[in-house]
Amino acid sequence: MNFNHLSRRDFLTRASLAAGALALPRIGSAAPSIPLGKAEHCVFIWLGGGMSQIDTFDAKPTKGDGKKQPGCYYDIIDTAIPDAKFSEHLPQLAKMADRLIPIRSVNHNVIDEHAAATNRMHTGRLPSGSVVYPSIGSIVAHERKSAADGVPAYIVMGYPSATRGPGFLGPKAGYVYLTDTASGPAGLTRAPGITEDRAARRQGLLSTVREDYLGRIGDAAPRDYDEAIAEGFRLQGGDFMKAFNLAEEPDSLRALYGDEFGQRCLLSRRLIQRGVRFMEVGFNLNFVNGAGWDSHNAAQRELHVLIRGLDHVVATLITDLENHKLLDKTLIVIASEFGRPAHFDSGGGRGHHGKSFSVILAGGGLRTGQCIGTTDDLAMNVVADPVSVPDLFATILATMGVNPHKSIMDGERPIPLTDKGNPVEKLFI
């Protein structure tokens, strides 16, 4: 072959074919088996700010003083998992740790910027200049759809953001969001004074305009958004909006769930019963304590209030799902953008730490009652069984019955669902 006379196009074509041939599996070799679970729903509890692993689910005996001595800020307690220790402010979850899987060795290298770390923990990837990656919620919505007609596949109980969005998957894999459990999604609530007849006339006018416009364009994007608008109208008139009437629940149960975070978790159970596939539940939407889980400076001294609230509400949710025979069908994920170091800053708080932090799984039909990953004496470095963010995403997808090695198309470009992630096999076997 005379390479001197190859055109640039010929060279690139032959090179790509050669690369493709090298990527093919060898004859007789089997593709690696992917463990797949049977969970039908996911509740993704988001602790905005960065939960301190050493003060919660990876508590260590070394006691810190809030000044110069690094270590756990609280006393530690035994759990239902042998040799696993939690903070003293997690007594309910410690007793039911046999339903949990603390993954203590999650890690990434984004620590200086909350937004960038939040994006990493929602999309599983670094940002790209050429691809807008979808969030984990949108991936599940795209792959599994809703579990019933007349409900969305993906709901965010928090503020909208591109990080939580569908990326290149488009609006069909997007989310419905709400910030108030009592009123439900604002975009689906009819304004006071708009009667059925008036709403019907408005929809008729909109339909005329839509048909005229869509008949004159060939771009797929407006059509996708048009379908999303039509879906919104369908949600307004169906059984879906009744899920937000929490008054249907016993007063005793609503009181047990407690504060607004608790009411969001109660709502997540009602949405599961109606067929919503993936729900993100924000812990503290407006940072009513001033910092959320971002425990710099004086925020560290009040961290126990958040930990106790998380303990009580998640324990209530787990018990409620068990009582409705839904826990094995529902994967609960407790995550934040990064962890915190064992040492304290000049104000007595903790900075950011991405080298090792904890993500908690519960239910989902997994082999619960075990810890994944080991960290050092200050929960600062992974000692054994590291779990990358892509591995975490692969585990969530596999639990939901989705092959994490599958590729989806961004135009003509195949994009793997995860960035070379592999599920944690011992959770399935």
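Everything numeric here is computed off the predicted structure, so don't read it as measured data.

Counting buried residues in helix α3 (residues 114-123) gives 7 out of 10 residues, a clear majority hidden from the surface. Along α3, the residues that are buried comprise Ala117, Thr118, Asn119, Arg120, Met121, His122 and Thr123. Close packing links the buried residues of α3 with β1 (41-46), α4 (136-144), β7 (278-282), β8 (330-335), β9 (357-363) and α10 (389-399). A distance of 3.0 Å separates the backbone nitrogen of Ala115 from a side-chain oxygen at the start of α3, and that oxygen is part of Glu113. Gly124 sits one or two residues past α3 and shows a positive phi near 80 degrees.

Okay, the environment of Gly348 next. The topology assignment puts Gly348 in the loop between β8 and β9. Expressed as a C-alpha distance, the spacing of Gly348 and Gly66, which sit 282 residues apart in the sequence, is 5.0 Å. Those residues in contact with Gly348 that sit more than four places away from it in its chain are Gly66, Asn297 and Gln300.

Here we come to the sheet that holds β9. Spatially, 8 strands are ordered β6-β5-β7-β1-β8-β9-β4-β12 in an open sheet, and the strand pairing comes out mixed. For this open sheet the edge positions go to β6 (176-178) and β12 (387-388), each flanked by a neighbour on one side alone. Contacts between helix α9 (residues 303-323) and the sheet are confined to β1, β4 (100-107), β8 and β9, with β8 contributing the most and set at about 170 degrees to the helix.

Right, let's talk about the packing of aromatic side chains for a bit. Going through the model one piece at a time under the given rule, you end up with 10 aromatic pairs. When the ring of Phe261 is compared with that of Phe283, the centres are 4.6 Å apart and the planes differ by 50 degrees; the resulting orientation is tilted. On the criterion of sequence distance, the pair formed by Phe261 in helix α8 (residues 260-274) and Phe283 in the loop between β7 and α9 is long-range, its members being 22 residues apart. Here the two residues Phe261 and Phe283 agree in accessibility, since each one is buried. Three or more aromatic residues link up through ring pairs in this structure, and these residues are Phe44, Trp46, Tyr154, Tyr175 and Phe278.

This part covers α8. Compared with the 21 Å implied by 1.5 Å per residue over 15 residues, the 21 Å span of α8 between its first and last C-alpha is a close match. Burial runs high along α8: 13 of the 15 residues are buried. One side-chain oxygen of the residue at the start of α8 lies 3.2 Å from the amide nitrogen of Phe261, identifying that residue as Asp259. Where α8 terminates, the next one or two residues include Gly275, which has phi positive at roughly 110 degrees.

Once that is clear, we can look at the side chain of Thr56. With respect to the element layout, Thr56 can be found in the loop between β1 and β2 (76-78). Residues within four places of Thr56 in sequence aside, it is in contact with Met51, Lys85, Phe86, Ser87, Leu90, Trp293 and Ile307.

Attention shifts here to the pairing of β1. Burial runs high along β1: 6 of the 6 residues are buried. Residue alternation in β1 divides its side chains into two sets, His41, Val43 and Ile45 and Cys42, Phe44 and Trp46, and both sets are buried.

Attention shifts here to the environment of Gly401. Position of Gly401 relative to the elements: it lies in the loop between α10 and β13 (407-410). The exposure class assigned to Gly401 is partly exposed, which follows from its relative accessible area of 35%. With 365 residues separating them along the chain, Gly401 and Leu36 place their C-alpha atoms 5.0 Å apart. With sequence-adjacent residues up to four places away left out, Gly401 is seen in contact with Leu36 and Gly37.

Further remarks concern the pattern of salt bridges. Inspection of every chain in the model, using the stated rule, returns 18 salt bridges. The salt bridge partner of Glu143 is Lys406, with a shortest N-O separation of 2.6 Å. Placement of the pair is Glu143 in helix α4 and Lys406 in the loop between α10 and β13, with a sequence separation of 263 residues. We classify Lys406 as partly exposed; its relative accessible area is 36%.

For residues besides glycine, phi is generally negative; the peptide bonds are generally trans as well. For Asp83, which is not glycine, the phi dihedral falls at a positive 70 degrees. Its location among the elements puts Asp83 in the loop between β2 and β3 (85-87). In this structure, Asn297 is a non-glycine residue whose phi angle is positive, near 50 degrees. In this fold, Asn297 is placed in the loop between β7 and α9. Taking the relative accessible area as the measure of exposure, Asn297 reaches 39% and is therefore partly exposed.

Time to look at the nonpolar core. Formed by 60 residues in total, the largest nonpolar core has its most connected members in Ile45 and Leu271. Examining the composition of this core, we find that 10 residues originate from one element, α9, more than from any other. In contact with Leu271, other than residues within four places in its own chain, are Ile155, Met157, Phe240, Ala243, Phe244, Val276 and Met279.

Below, the discussion takes up the confidence of the model for the protein. Looking at the protein, pLDDT values average 88 and 83% of them are 70 or higher. Note on residues 1-6: pLDDT is under 50 here. Beyond four places in sequence and across chains, it has 3 contacts. Overall, residues 11-31 carries pLDDT values under 50, and its contacts beyond four positions in sequence, including any with other chains, amount to 3 contacts.

Quick notes on the rules
Residues numbered from 1 in each chain as written. Predicted model: local features only at pLDDT ≥ 70, side-chain atom pairs only at ≥ 80, totals over all residues. Heavy atoms only, no water. Buried < 20%, exposed > 50% of the residue type's maximum accessible area, 1.4 Å probe, protein only. Helix = DSSP H or I, 4+ residues; strand = E, 2+ residues; numbered from the N terminus. Contact = heavy atoms within 4.5 Å. Polar contact = N/O pair within 3.5 Å; in protein donor to acceptor, adjacent residues only side chain to side chain. Pairing = 2+ DSSP bridges. Axes fitted to C-alpha atoms, helices over the stretch in contact; angles between N-to-C directions. Phe/Tyr/Trp six-rings, centres within 6.5 Å; stacked < 30°, edge-to-face > 60°. Expected span 1.5 Å × (residues − 1). Salt bridge = Lys/Arg side-chain N within 4 Å of Asp/Glu carboxyl O. Core = buried A, V, L, I, M, F, W, Y, C linked by side-chain atoms within 4.5 Å. pLDDT = per-residue confidence, 0-100.

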